[in-house]
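Per-entry structural report
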Amino acid sequence: MQRLRDVLKGQEGNSIMPFFWQHGEDKETLGEYMERIRECGCGGVCVEARPHPDFGGEKWWEDVGFIVDRAREDGMEVWILDDSHFPTGFANGLVKEKYPQFLKRYLDCRRFDVAGPFESARLNLRFLKGRPWELKERKNDVILGIYAARRGEVRAEELREKADPVQPETLVELTENVKDGILYWDIPKGIWSVFVVFTTRAGGEESTKDYLNPLVREAAEVLIEAVYEPHYEHFKEFFGTTITAFFSDEPRFGNIKGTEGRIGKADMVLPWCEGLEEKLPFGKELLPFLFADSADDTMHEVRFAYMDCVSRLYSENFTQVLGKWCRDHGVRYVGHHIEDNGAHGRLGYGPGHLFRAQKGQDFSGIDVISNQIAPGYDFHHDAFATGGNDGVFYHYGLGHLGASIAWNDPDKNGIAMCEAFGAYGWNEGLKWMKWITDHLLAKGINYFVPHAFDPKEYPDWDCPPHFYAQGNNPQFRYFPVLMRYMQRMCHLLQGGVHQASAAVLYPAEGEWSGGSMPVERVLRELDRKQIETAVVCLDDLVREEIREGAFRVNRNRYECLIVPAMERFPEVMAEKLLMLCEAGVPVILVEEYPLKGLLSQRISHAAGREEEAPGMAGQEEMDKLRDMARQVSLKELSGVCEKWRTVRTSEEQERLTSYHYVQPDGEIYLLFNENPAGSIETVLTIACDRPLAAYDAFTNRLRALPVRREQGKVQIDLCLKPYESLMLLACDNWEDFPVEAEWMGTVQRTVPLGGAWKVSFADAKSYAGALDASSFVKLGERVELTPLSCEPEFMDKTGTLRYEKTFEWEKTPGSKVFLNLREVFETAEVFVNGESAGVRICPPYRVEITKQLISGRNELAVEVTNTLGNENKDFMSQYTPIEPFGLLGPVTVEMEKKIDGSNSICYTTG
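Residues numbered from 1 in each chain as written. Predicted model: local features only at pLDDT ≥ 70, side-chain atom pairs only at ≥ 80, totals over all residues. Heavy atoms only, no water.

It is worth spelling out the overall build of the protein chain at this point. Helices and strands together make up the secondary structure of the protein chain, namely 16 helices and 48 strands. For a compact globule of 910 residues, the expected C-alpha radius of gyration is about 29 Å, and the protein chain comes in at 30 Å, within 12% of that figure. When its C-alpha atoms are laid out on the principal axes, the protein chain stretches across 110 × 65 × 55 Å. A separation of at least 24 residues holds for 80% of the contacts in the protein chain among residues at least 6 apart in sequence. Accessible surface, the protein chain as shown: approximately 34500 Å² in total, 47% of it carbon and sulfur. Side chains of the protein chain carry 103 positive and 143 negative charges; the gap between the two charge centres is 2 Å. (Helix = DSSP H or I, 4+ residues; strand = E, 2+ residues; numbered from the N terminus. Rg over C-alpha atoms; globule rule 2.2 N^0.38 Å. Contact = heavy atoms within 4.5 Å. Areas by Shrake-Rupley, 256 points an atom, 1.4 Å probe, with all protein chains shown as cover. Lys, Arg positive; Asp, Glu negative; His and termini not counted. Charge placed at Lys NZ, Arg CZ, Asp CG, Glu CD.)

Further remarks concern the sheet that holds strand S40 (residues 815-820). Spatially, the four strands line up as an open sheet ordered S36-S47-S40-S44, and their pairing is antiparallel. Both edges of this open sheet fall to strand S36 (745-752) and strand S44 (846-848), since each of them pairs with a single strand only. Geometrically, the sheet is characterised by an average inter-axis angle of 30° between neighbouring strands, direction not taken into account. Sheet analysis places S40 next to S44, joined by three bridges and oriented antiparallel. Bridge assignment links asparagine 820 to a residue of S44, and that residue is arginine 846. (Pairing = 2+ DSSP bridges. Axes fitted to C-alpha atoms, helices over the stretch in contact; angles between N-to-C directions.)

Here three strands make up an open sheet; going across it, the order is S20-S21-S22 and the pairing antiparallel. Sheet topology places strand S20 (546-547) and strand S22 (556-558) at the edges, where each strand pairs with a single neighbour. Pairing between strand S21 (residues 550-553) and S22: three bridges, direction antiparallel. What sits directly across from arginine 552, in S22, is arginine 557.

Reported here for the second largest pocket is a volume of approximately 1100 Å³. Residues belonging to the lining of the second largest pocket are distributed by class as follows: 18 nonpolar, twelve polar and 13 charged. (1 Å grid on protein atoms, 1.4 Å probe; cavity = no way out; pocket = protein on both sides within 12 Å on 5 of 7 lines; lining within 4 Å. Points joined across faces, edges and corners; volume = space filled by probe spheres on them. Nonpolar A, V, L, I, M, F, W, Y, C, P; charged D, E, K, R; others polar.)

Another aspect to go through is the side chain of glutamine 663. If you trace the backbone, glutamine 663 turns up in strand S27 (residues 656-663). On the basis of relative accessibility, which here comes to 6%, the residue glutamine 663 falls in the buried class. Within the structure, the side chain of glutamine 663 is placed 2.6 Å from the backbone oxygen of leucine 492, a separation counted as a polar contact. Apart from residues lying up to four places away in sequence, glutamine 663 is in contact with Met1, Arg3, His491, Leu492, Gln494, Gly495, Gly496 and Ile668. (Buried < 20%, exposed > 50% of the residue type's maximum accessible area, 1.4 Å probe, protein only. Polar contact = N/O pair within 3.5 Å; in protein donor to acceptor, adjacent residues only side chain to side chain.)

Inspection of every chain in the model, using the stated rule, returns 47 aromatic pairs. Geometrically, the ring pair formed by phenylalanine 453 and phenylalanine 479 is edge-to-face, given 6.1 Å between the ring centres and 80° between the ring planes. Remark: phenylalanine 479 occurs in helix H11 (residues 479-492) and phenylalanine 453 occurs in the loop between strand S16 (447-450) and H11; sequence separation between them is 26 residues. Taking relative accessible area as the criterion, phenylalanine 479 reaches 2% and is therefore assigned buried. The structure contains a cluster of three or more aromatic residues connected by ring pairs, namely Phe20, Tyr33, Phe453, Phe467, Tyr468, Phe476 and Phe479. When the ring centre of tyrosine 767 is taken as origin, the NZ or CZ atom of arginine 477, which lies over that ring, is 3.7 Å away. Above the face of the phenylalanine 831 ring, arginine 802 is positioned so that its terminal group lies 5.8 Å from the ring centre. (Phe/Tyr/Trp six-rings, centres within 6.5 Å; stacked < 30°, edge-to-face > 60°. Lys NZ or Arg CZ within 6 Å of the ring centre and 35° of its normal.)

This next bit is on the confidence of the model for the protein chain. The predicted model of the protein chain has a mean per-residue pLDDT of 93, with 94% of residues at 70 or higher. Counting interchain partners and residues more than four positions distant, the pLDDT-below-50 stretch residues 597-611 has 51 contacts. In this model, residues 902-910 is a region of pLDDT below 50 whose contacts with residues beyond four sequence positions or in other chains number 43 contacts. (pLDDT = per-residue confidence, 0-100.)

The relative placement of two packed helices comes down to the angle between their axes together with the axis-to-axis distance. The geometry of helix H10 (residues 430-441) relative to H11 is characterised by a closest axis approach of 11 Å and an angle of 5° between their N-to-C directions. As far as their axial angle goes, H11 and H10 are roughly parallel. Each of Leu430, Met433, Lys434, Thr437, Asp438 and Leu441 in H10 lies in contact with H11, whose residues at this interface are Phe479, Leu482, Tyr485, Met486, Met489 and Cys490. (Parallel < 35°, antiparallel > 145°, perpendicular 65-115°, else oblique.)

This part covers the pattern of salt bridges. Inspection of every chain in the model, using the stated rule, returns 56 salt bridges. The partner of arginine 111 in a salt bridge is aspartate 113, and the shortest N-O contact between them spans 3.2 Å. The class for aspartate 113 is partly exposed, based on a relative accessible area of 41%. Notably, a salt bridge pairs glutamate 511 with arginine 346, separated by 2.8 Å at the nearest N-O pair. In this pair, glutamate 511 sits in helix H12 (residues 508-512) while arginine 346 sits in the loop between strand S11 (332-336) and helix H8 (354-357), placing the two residues 165 residues apart along the sequence. You can call glutamate 511 buried: its relative accessible area is 17%. Each of the salt bridges in this network shares a partner with another, and the network as a whole consists of Asp308, Arg312, Arg356, Glu509 and Asp539. (Salt bridge = Lys/Arg side-chain N within 4 Å of Asp/Glu carboxyl O.)

Moving on to the packing of helix H9 (residues 391-408) against helix H13 (residues 519-527). Contact pair H9 / H13: the axes reach a minimum separation of 9 Å and the direction vectors enclose 85°. In terms of their interaxial angle, H9 and H13 are classed as roughly perpendicular. Taken together, the residues of H13 that come into contact with H9 (itself represented by Val392, Phe393, Tyr396, Gly397 and His400) are Glu520, Leu523, Arg524 and Asp527. Its residues placed into classes, the contact of H9 with H13 shows four nonpolar, two polar and three charged.

Grouped together as the largest cluster of nonpolar side chains are 203 residues, with contacts concentrated most on Tyr306 and Ile562. For this core, the element with the highest residue contribution is helix H7 (residues 298-328), accounting for 15 residues. Leaving out residues up to four positions away in the same chain, isoleucine 562 has contacts with Ala502, Ala503, Val504, Leu505, Val522, Leu526, Ile588, Val590, Leu637 and Cys641. (Core = buried A, V, L, I, M, F, W, Y, C linked by side-chain atoms within 4.5 Å.)

Let us now look at the pairing of strand S8 (residues 182-200). In the sheet, strand S4 (residues 105-124) pairs with S8 via 16 bridges, with the strands oriented antiparallel. Bridge pairing links alanine 115 to isoleucine 191 in S8. Inspection of the sheet shows strand S5 (residues 142-150) paired to S8 by eight bridges, in the antiparallel sense. In the sheet register, valine 142 faces S8, and the bridge partner there is threonine 199.

When you tally the buried positions in H13, you get seven out of nine residues, the bulk of the element. Within H13 the residues assigned to the buried category are Val519, Glu520, Val522, Leu523, Glu525, Leu526 and Asp527.

The end-to-end C-alpha distance of H10 is 16 Å, a good match for the 16 Å that twelve residues give at a rise of 1.5 Å each. Buried residues dominate H10, accounting for twelve of its twelve residues. Those residues of H10 that sit buried are Leu430, Lys431, Trp432, Met433, Lys434, Trp435, Ile436, Thr437, Asp438, His439, Leu440 and Leu441. (Expected span 1.5 Å × (residues − 1).)

What follows covers the environment of proline 722. Of note, proline 722 is situated in the loop between strand S33 (713-720) and strand S34 (725-730). With a relative accessible area of 17%, proline 722 lands in the buried category. Between the alpha carbons of proline 722 and arginine 703 there is a distance of 21 Å; along the sequence they are 19 residues apart.

For the rest of this paragraph, the subject is unusual backbone geometry. Following tyrosine 458, the chain continues to proline 459 via a peptide bond in cis, the omega torsion being -5°. A cis amide bond links proline 843 with the next residue in sequence, proline 844, at an omega value of -5°. Positionally, proline 844 belongs in the loop between strand S43 (835-840) and S44. In this model, asparagine 341 sits at a positive phi of 50°, which is unusual for a non-glycine residue.

Residues Ala502 and Val504 line one face of strand S18 (residues 502-505) and the alternating positions Ala503 and Leu505 line the opposite face, and both faces are buried. Pairing geometry for S18 and strand S19 (residues 533-536), over four bridges, is parallel. What sits directly across from leucine 505, in S19, is valine 536. In this sheet, strand S23 (residues 560-563) lies alongside S18 in parallel orientation, the contact comprising three bridges. In the sheet register, alanine 503 faces S23, and the bridge partner there is leucine 561.

Written as structure tokens, this is what we have:
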């Protein structure tokens, strides 16, 4: 395996680009941070104005030039975050200042309810949604059309919060009946609604009101003019060498604040651009049904067609424009959108359709911030984000979405990037970061943008933790341990193909059409049974790639398609699902097929349009699909998909995540225990006929693996402690690799290290190294190992506690000796006789000390380092408990003797 050879030689390349925030710091500070970033194992930086006082000015070019020069000297890369502040789209103010015609524009609708008959009625349309004092601000509002329709009859007991639905067949146009802002109309008998549909710049998200319109190509070109081209003019000789990418951060529609911008569900203005009505497959008279409900399926057909159109325009006129410019200038285009709580398929914070929105990017991208993914938090919980965190989405949906986009788009070469660790608060330390890393790796993420290096004076309130924190973060000296681990793991998990036979359909079109089951609910059922999957979007399903009972997307071959429950199927979806069924590809409909999607009506009201616009699937199509596809409940799904499991366990292991990745010259099985409070012990069966070895990315070592083989399958006795992962590698020939002999031992002797411990303390600034006792303040002896954070003087202390004692030991040939610390908060380094035996940044805190031990008296020191959350109880840390501080034990020395013929395996990777 070539990539394994790379990591064993320390030649794995770079897959980590941390944010490096810029506020106008001096060169000495910038130089110090560049050195710290390089030393910790990051191969580059993503430069972000946060904000910079002179973005695009001389001071900015001076600072970026200094960083680029340092990076070039050190063989590092530089990415540029592509705006003066996040989210991307402000274009450094150039849209507002020079091109106001390309500011965001929206579609809005004012509804007037009237009763007839009423001859010679007049309606005042001069205010629409503007109050008298706002008329000047709304001078750019443009009426597209005025329409009226009879309201349906609704019994009193059926009255709803929303206005009654209207009857599309009664639509009449009244646009020509307006004079000087007054509508003249003889109102017929009955209850009617009058809809004034107009475009406006008012009503969107306040924080992005001066942002470019992502539906307009020329608006994206303003961003290029404002940011991209000036950087090229200043640094073009470094483009494609030192400067390798531009990074877009959370661009969005921004027509409403938040993640709930569901078409037809939220009260909001809608993204719009000039001439959009001509691109929609229906006439202007149906625009009111983007806002108002109809008595039939017209509203669903209109909303689907609108979302289908604007999500494509976003991709074509924003993402792909920026991506093409970057590639034309020798750099990549990367970044991420807001996926939060389902926003990935919506308006507002979302881009409408995540797969389409990232079409022009060279990597796929997601972000994990603010406790969205955390050990044990796979449930809805309170968080910094509005509405809290939907833990089911973040733990079971988010990583799959980012990875699937990378797998299915050939232009991304399988690279799935994640911005990670930011805005968790100072409570977050290396222990959580390692858990989050393993969770994401086991979902298919293989490139990271750690958030963030902040050179501002400590403590800075801006979305901590910050990794170095002007030298105040005591865990930073162990940060390289995590970075090197991530680099090696990412390199091994690039260049190949994820092995998944089951695909799940991205349900955005279903949500646009009335409602759908969130994709993460389906993925959770499959993840918990080790059934590996990918998410595919409707655009990926093409007839030419279907053969032999399977379909291909890029390099991936899928043997079934699982469709989350939807209220309605758009016609194009039903057609593609039938295409798969007729080709012998199993299509599995989760829950009932869409009973509400039976109407054959098409949105063909558009006057003068001969073609029939696409609508919802009709009765004949749905009946045929029902007969050919298989319908199962969500609980039955994993049983139906059992045949596609990659690994099998002797008992159900819902917290075991598996990831099977195939390289051209080998295979990888990554196994991760998601349970932060319980071990996994099971017999693991893998369909693999190649020899296996275990790889430890912390120590960069290979170990032989005892297995049982039978009929092309391998059985392993697997034990994973909380926070542990195991990477199994399968290769045809291990003769040229440094594979250590297997060690299967059992504990023969356990010696508790009770009695008094000498304890001392050093903060991050004072710490001068483990062998420098002068940097520690002596605290006396502690007989019982209890949290020092319970003692008044340590309730707010952050730093390193050093525990020292001596013990007697007689070495036994053929044995191994381990120090088991058990409970530690939270990073531990063990020293025996003045020599470091190892670092553990997360559980299990068990370190081999065989080499450092001598027969007789041994000096033991354990250094325990906590997070800055103990001294800095910041706003963002309020959402997670503050951990204790100290070594809690009980501490034991354990001697293992090798037992030949044993088949157990338990490798520590913490």
